[in-house]
Amino acid sequence: MLQTVRGMRVVLPAENRRFRFVENAVRRVLHQYAYEEVQLPLIEATELFSRGVGEATDIVEKEMYVMQDRDGDSLALRPEGTAGCVRALEEAGLLYNQVQRVFYTGPMFRYERPQKGRYRQFTQIGAEAFGFAGPDVDAELLDLTARCWRELGVADHITLELNTLGSRESRLAFREALVNFLSPHKAELDADSQRRLTTNPMRILDSKVPKTRDILAGAPELPQFVDHESRVHFDGLQQLLSDLGIPFLQNPALVRGLDYYTHTVFEWVTDRLGAQGTVCAGGRYDGLVETLGGRATPAAGFGMGLERVMLLHEVLYPDALAVEQSADLYLCIQDPSLQEATARIANQLRDGLPTLRVRSGLGAGKLKAQFKKADASGARWAVVIGVDEMARGTVTVKPLRAGDGEQLELTVPALIEHVARASGLAPVSASGSTGVRARSNHPLNRNT
Ligand code: ATP
Ligand code: MG
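All values derive from a computational prediction rather than experimental measurement. (Residues numbered from 1 in each chain as written. Chains lettered and ligands numbered in written order. Predicted model: local features only at pLDDT ≥ 70, side-chain atom pairs only at ≥ 80, totals over all residues. Heavy atoms only, no water.)

Novice: Help me understand the domain arrangement of the protein in this model?
Specialist: By a widespread convention, an interface's size corresponds to the accessible area lost as its parts come together. For the protein, the domain assignment lists domain 1 (13-167 + 227-316) and domain 2 (329-445). Relative placement of domain 1 and domain 2: their C-alpha centres are 46 Å apart. (Domains from an automatic or database assignment.)

Novice: Whenever I open this one, the packing of aromatic side chains confuses me. Can you help?
Specialist: Given two aromatic rings, their pairing is described by the distance between the two centres and the angle made by the two planes. Inspection of the entire model under this criterion finds 4 aromatic pairs. Ring centres of Phe 130 and Tyr 285 lie 6.3 Å apart, and the angle between their planes is 80 degrees; on these two criteria the pair is classed as edge-to-face. Remark: Tyr 285 occurs in the loop between β10 (278-284) and α10 (288-291) and Phe 130 occurs in strand β6 (residues 121-130); sequence separation between them is 155 residues. Positioned above the aromatic ring of Tyr 111, the side-chain terminus of Arg 120 is 3.9 Å from the ring centre. When the ring centre of Tyr 96 is taken as origin, the NZ or CZ atom of Arg 295, which lies over that ring, is 3.8 Å away. (Phe/Tyr/Trp six-rings, centres within 6.5 Å; stacked < 30°, edge-to-face > 60°. Helix = DSSP H or I, 4+ residues; strand = E, 2+ residues; numbered from the N terminus. Lys NZ or Arg CZ within 6 Å of the ring centre and 35° of its normal.)

Novice: Mind showing me how you'd approach unusual backbone geometry here?
Specialist: Negative phi characterises most residues that are not glycine, and trans characterises most peptide bonds. One non-glycine residue, Ala 34, lies in the positive phi region at around 65 degrees. Within the element layout of this structure, Ala 34 appears in the loop between α1 (13-32) and β1 (36-37). Under the relative-accessibility criterion, Ala 34 is labelled exposed at 54%. Positive phi, close to 55 degrees, is recorded for His 263, a residue that is not glycine. If you trace the backbone, His 263 turns up in strand β9 (residues 262-270). (Buried < 20%, exposed > 50% of the residue type's maximum accessible area, 1.4 Å probe, protein only.)

Novice: How should I be thinking about the site of ligand 1 in this particular structure?
Specialist: Residues in contact with ligand 1 amount to 15 residues; listed here are only the nearest, Arg 110, Glu 112, Arg 118, Arg 256 and Thr 278. Contacts to ligand 1 include Glu 112, whose side-chain N or O atom sits 2.6 Å from a nitrogen atom. One of the side-chain nitrogen or oxygen atoms of Arg 308 is found 3.1 Å away from an oxygen atom of ligand 1. Bound to the protein, ligand 1 loses 85% of the 580 Å² it would expose on its own. Where the shell around ligand 1 is concerned, the elements lending two or more residues are β6, β10 and β11 (299-305). Class assignment of the residues belonging to the shell around ligand 1 gives a composition of 5 nonpolar, 5 polar and 5 charged. (Near = heavy atom within 4 Å. Polar contact = N/O pair within 3.5 Å; in protein donor to acceptor, adjacent residues only side chain to side chain. Areas by Shrake-Rupley, 256 points an atom, 1.4 Å probe, with all protein chains shown as cover. Nonpolar A, V, L, I, M, F, W, Y, C, P; charged D, E, K, R; others polar.)

Novice: Mind showing me how you'd approach helix α11 (residues 306-316) here?
Specialist: In an α-helix, one turn spans 3.6 residues, which is why side chains three or four residues apart end up on the same side. Where burial is concerned, most of α11 is hidden: 9 out of the 11 residues are buried. Every buried residue of α11 is accounted for by Leu 306, Glu 307, Arg 308, Val 309, Met 310, Leu 311, Leu 312, His 313 and Leu 316.

Novice: Looking at this model, I keep getting lost on the environment of Phe 371. Mind explaining?
Specialist: Within the secondary structure layout, Phe 371 lies in helix α13 (residues 367-376). Classification of Phe 371 as partly exposed rests on a relative accessible area of 22%. Distance in space between the C-alpha atoms of Phe 371 and Gly 81 is 50 Å, their sequence separation being 290 residues. With near-sequence residues (within four places) excluded, Phe 371 lies in contact with Cys 332, Ala 382, Val 384 and Lys 398. (Contact = heavy atoms within 4.5 Å.)

Novice: Even after reading the chapter, I still don't get the pairing of strand β14 (residues 381-385), so can you show me in this structure?
Specialist: Where burial is concerned, most of β14 is hidden: 5 out of the 5 residues are buried. When strand β12 (residues 329-333) meets β14, the two strands line up parallel, connected through 5 bridges. Of the residues in β14, the one forming a bridge with Leu 329 is Trp 381. Strand direction decides the pairing type here: β14 and strand β15 (residues 395-399), joined by 4 bridges, are antiparallel. Across the sheet, residue Val 383 finds its bridge partner in β15, namely Val 397. (Pairing = 2+ DSSP bridges.)

Novice: Help me understand the sheet that holds strand β3 (residues 66-68) in this model?
Specialist: Backbone-to-backbone hydrogen bonds join strands into a sheet, with any given pair of strands oriented parallel or antiparallel. Spatial strand order, β2-β4-β3: 3 strands in an open sheet with antiparallel pairing. The outermost strands of the open sheet, each flanked by one partner alone, are β2 (43-45) and β3. Adjacent strand axes in the sheet meet at a mean angle of 40 degrees, parallel and antiparallel pairs treated alike. The pairing of β2 with strand β4 (residues 74-77) spans 3 bridges and is antiparallel. From the neighbouring strand, Ala 45 faces β4, where its bridge partner is Leu 75. (Axes fitted to C-alpha atoms, helices over the stretch in contact; angles between N-to-C directions.)

Novice: Can you walk me through the pattern of salt bridges in this structure?
Specialist: Pairing between side chains of opposite charge can happen when the charged atoms of each approach one another. In the structure shown here, the tally under the stated rule is 24 salt bridges. Asp 192 serves as the salt-bridge partner of Lys 62, at 4.0 Å between the closest nitrogen and oxygen. Of the two residues, Lys 62 sits in helix α3 (residues 58-63) while Asp 192 sits in helix α7 (residues 191-199), which places them 130 residues apart along the sequence. One continuous salt-bridge network, built from bridges that share partners, spans Asp 58, Glu 61, Lys 62, Asp 192, Arg 195, Arg 196, Arg 203 and Asp 206. (Salt bridge = Lys/Arg side-chain N within 4 Å of Asp/Glu carboxyl O.)

Novice: Mind showing me how you'd approach the environment of Arg 150 here?
Specialist: Along the chain, Arg 150 turns up in helix α5 (residues 135-152). Separated by 125 residues in the primary sequence, Arg 150 and Ala 25 have C-alpha atoms spaced 10.0 Å apart.

Novice: Help me understand the sheet that holds β15, please; the structure alone is not making it clear to me.
Specialist: Spatially, β13-β12-β14-β15-β16 is the arrangement adopted by the 5 strands of the open sheet, whose pairing is mixed. Strand pairing shows two members of the sheet lacking a second neighbour, β13 (358-360) and β16 (408-410), which therefore form its edges. Taking the axes of each pair of neighbouring strands and ignoring which way they run, one obtains an average angle of 25 degrees across the sheet. Pairing analysis gives 3 bridges linking β12 to β13, with the strands arranged parallel.

Novice: Explanation requested: the side chain of Arg 196 in the structure shown.
Specialist: With respect to the helices and strands, Arg 196 occurs in helix α7. For Arg 196, the residues in contact, after removing those within four places along its chain, are Asp 58, Lys 62, Pro 201, Arg 203 and Ile 204.

Novice: How should the nonpolar core be read in this particular structure?
Specialist: Among soluble globular proteins, nonpolar side chains are generally buried collectively. With 91 residues, the main nonpolar core has Tyr 35, Phe 130, Trp 149 and Trp 268 as its most contacted residues. Here the element with the most residues in this core is α5; it accounts for 9 residues. Discounting chain neighbours no more than four positions away, the residues touching Trp 268 are Leu 142, Thr 145, Ala 146, Trp 149, Ile 158, Thr 159, Leu 160, Ile 246, Gly 277, Thr 278, Val 279 and Cys 280. Formed by 22 residues, the second largest nonpolar core is a distinct cluster that contains Ile 333, Leu 349, Ile 385 and Val 397. (Core = buried A, V, L, I, M, F, W, Y, C linked by side-chain atoms within 4.5 Å.)

Written as structure tokens, this is what we have:
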């Protein structure tokens, strides 16, 4: 049997329930903040990322899936969403002199070493806000993510780390000081850091190699280089976060791996997932629109790793969403000649009880075997479609759980009333045209 390509994701139904639960919660919150969804391509010109994300970043240097189109163009599976989002909105003329709040979701691809919480195909929900220069939008994005954590019940296990990279100029000054400091130690640095000394020295600060870390202990620190304007921006953000009651830690070593950030950078981190503890990361990237050929536009955003959020939810609530039931109503067919009638009745039930799950014992077989399957499905009622009942225009409903009363013979509309009452639902009128009047409280039925 052929196997799934290493690092690519299959999400089976049991896991998918949790995945959609998490995704829907985040979507509901984005909706509350009036962010609108954009759908973006999975394939982009490779150049978008080498220019946008940065030639010397891990993503572009060693993590991209690059291929040649049949006409020779170099294309890449998107490793992140921000560059493509900027390109798409700029192309549509939606950025210059306007404000936009958008989000997107879907798979991203990076060639890295797969492990728990790190895959070659993973899912991000990204949100981006354009046209806002002040720290208020940085705060809004953080407030939005904080609300997501509360919605999901994971807030107590995630902390916010915050830093400012300053303006482009202050970053360059810091970079120069860092290179001057590290150059005399070059021979003692690990191989990756030696290379980065010329390509992307700020990434050396991320190194996990102990020897390199020792040397870094005496290195100049970014905050000393941050210009006045960035300082004011950063102080403003911290004040807003305090007002909003969002706790944070200042982490001067937080630099992020992408070239496009300026001013604010942040990560939401948990200690419950081992090494893959960053569940959401982002910041301000005022220079990106211009870098990609548009007119300068202030921008800020984040990317949330849905698999990691889902893993955290699973660690904290291992039993939640473990659905034992696969149906609410199970239709048993007495005779193969009734299959057509059964399909029709099943649809009447779906029209009248739109939040319930209706399953038919397809393929018929002996009634006794069908009752067994009905019971195993976890359904609350078996509905028997029988020859005699059909002739009378009724069905027999057999409660499968204790306390649900006696077996009854009912017309289909009466059955709908009966089940709706027992489930605490308001049935949809017979015409079916009034739409859903009641929603089940099951988390999977809650949507934006
Ligand atoms: P890391 O340091 O863990 O590699 P990153 O800085 O490369 O993360 P970003 O580019 O900021 O990650 O992406 C935003 C979020 O997407 C991350 O915080 C993380 O939650 C998630 N993410 C990134 N790479 C992966 C991956 N390979 N598998 C699963 N989730 C990922
Ligand atoms: Mg990475």
